[in-house]
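Structure at a glance
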Amino acid sequence: MKTINRIMTNICSDNLAESRDFYTKLFDFNVDYDSDWFVHLISKDKKLELGIIDRTNEIVPNDFQNNPQGFYVTFVVDNADEIFEVAKTEKFEIISEPTDTFYGQRRLLLKDPNGTLIDISSPIKDFEF
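Just so it is clear, the structure is predicted and the values come from calculations on it, not from any experiment.

Another point: the nonpolar core. Counting 23 residues, the largest nonpolar core has Tyr23, Leu26, Phe27, Phe75, Leu110, Ile118 and Ile120 as the members making the most contacts within it. Mapped by element, the contributors of at least two residues to this core are helix H1 (16-26), strand E3 (38-43), strand E4 (49-54), strand E5 (73-76), helix H2 (80-90), strand E7 (105-111) and strand E8 (117-123). Not counting chain neighbours up to four residues away, the residues in contact with Ile120 comprise Phe27, Phe75, Val77, Ala80, Ile83, Arg106, Arg107, Leu108 and Leu110.

Written out as structure tokens, the structure is:
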């Protein structure tokens with residue numbers, strides 16, 4: 001059977017503590033596990049997970065220890081503007097301030113401490129194509 005029981009994104013990091021703080025300040029993640037090689041974050045409702053791993057750890061193959069390109073992580077939230085205010089206060093790197101898209105999302109782009117592009121989007125109320 002092809003049942004998926006769980007899916008989790010792991011972000012490779014050069015600074016686990018800085019990465020942990022970035023994601024816990026922006027989103028409702030709790031730290032479930034915190035070590036010198038891996039941090040496991042879980043949402044307060046226990047439905048969403050994010051891993052942060054030391055990019056040079058032996059379980060990360062050498063060919064995958066570089067900053068990846070051609071992908072980004074999207075977080076869909078109730079209000080992207082609220083996250084934008086937190087990002088400004090925390091002095092996180094803002095790539096693009098919140099803007100309305102043609103497909104009905106209000107979208108904010110940030111760069112996390114590892115160089116990963118983070119898309120934070122919220123649905124535009126009553127949007128119709």
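Turning to the sheet that holds strand E2 (residues 29-34), a few remarks are in order. Ordered by their spatial adjacency, 4 strands build an open sheet running E1-E4-E3-E2, and the pairing between neighbours is mixed. At either end of the open sheet lies a strand with only one pairing partner, and these are strand E1 (9-13) and E2. Within this sheet the neighbouring strands show an average axis-to-axis angle of 25 degrees, counted without direction. Strand direction decides the pairing type here: E2 and E3, joined by 5 bridges, are antiparallel.

With that out of the way, let us pick up the pattern of salt bridges. Evaluated as defined, the whole model comprises 10 salt bridges. With a shortest N-O distance of 2.9 Å, Asp14 and Arg55 are connected by a salt bridge. Highlighted residues: Asp14 in the loop between E1 and H1 and Arg55 in the loop between E4 and E5, separated in sequence by 41 residues. Taking relative accessible area as the criterion, Asp14 reaches 63% and is therefore assigned exposed. For Arg107, the salt bridge identified is with Asp119, shortest N-O distance 3.2 Å. With Arg107 in strand E7 and Asp119 in strand E8, the pair connects residues that are 12 residues apart, well separated along the chain. An identical accessibility class is assigned to Arg107 and Asp119; each is buried. Via salt bridges that share partners, Arg20, Asp21 and Asp34 belong to a single interconnected network.

Bringing H1 into the picture now. Turning to H1, its buried residues are Leu16, Ser19, Arg20, Phe22, Tyr23 and Leu26. Down the axis of H1, the buried set is contained in an arc of 160 degrees. They therefore lie on one face. Two to three positions downstream of the cap, the backbone nitrogen of Ala17 sits 3.3 Å from a side-chain oxygen, assigning the N-cap of H1 to Asn15.

Before going further, it helps to spend a moment on the side chain of Asn57. Residue placement: Asn57 occurs in the loop between E4 and E5. A polar contact of 2.9 Å, which involves the side chain of Asn57, links it to the backbone nitrogen of Ile59. Excluding residues within four positions of it along the chain, Asn57 makes contact with Trp37 and Gln65.

On to the packing of aromatic side chains, then. This model, assessed by the stated rule, comprises 9 aromatic pairs. Ring geometry for Tyr23 versus Phe75: centroids 6.1 Å apart, planes at 40 degrees, classification tilted. Of the two residues, Tyr23 is situated in helix H1 and Phe75 in strand E5; the sequence distance between them amounts to 52 residues. Through a chain of ring-to-ring contacts, three or more aromatic side chains come together here, namely Phe22, Tyr23, Phe27, Phe29, Phe75 and Phe92.

What counts and what doesn't
- All residue numbers refer to position in the chain's written sequence, counted from 1.
- Owing to the predicted nature of the model, reporting of local features is limited to residues with pLDDT of at least 70; listing and counting of side-chain atom pairs is limited to 80 or more, with chain, interface and lining totals taken over all residues.
- Hydrogens are left out, water is left out, and the side-chain values use all remaining heavy atoms of the structure.
- Throughout, nonpolar core names a set of buried Ala, Val, Leu, Ile, Met, Phe, Trp, Tyr and Cys residues whose side chains join them through atoms within 4.5 Å.
- Any residue under 20% of the maximum accessible area for its type is buried, any over 50% is exposed, and the rest in between are partly exposed; the area is computed with a 1.4 Å probe on protein chains only.
- Counting from the N terminus, the helices are DSSP H or I runs at least four residues long and the strands are E runs at least two residues long.
- The contact rule is simple, with two residues in contact once any of their heavy atoms fall within 4.5 Å.
- Any two strands with at least two DSSP bridges between them are considered paired.
- All axes here are fitted lines through C-alpha atoms, helices being fitted over the stretch that makes contact, and every angle between N-to-C directions spans 0 to 180 degrees.
- Within this document, salt bridges are pairs made up of a side-chain nitrogen of Lys or Arg and a carboxyl oxygen of Asp or Glu, the two lying within 4 Å of each other.
- By arc we mean the arc of the directions from the helix axis to the C-beta atoms, nothing more.
- The term polar contact refers here to a pair of N or O atoms within 3.5 Å; inside protein, the definition further demands a hydrogen-donor-capable atom paired with an acceptor-capable atom, and it admits residues adjacent in sequence only when both atoms are side-chain atoms.
- Each Phe, Tyr or Trp ring, with Trp reduced to its six-membered ring, pairs with another whose centre is within 6.5 Å; inter-plane angles below 30 degrees give stacked pairs, above 60 give edge-to-face pairs, and intermediate values give tilted ones.

These figures capture arrangement, not role.
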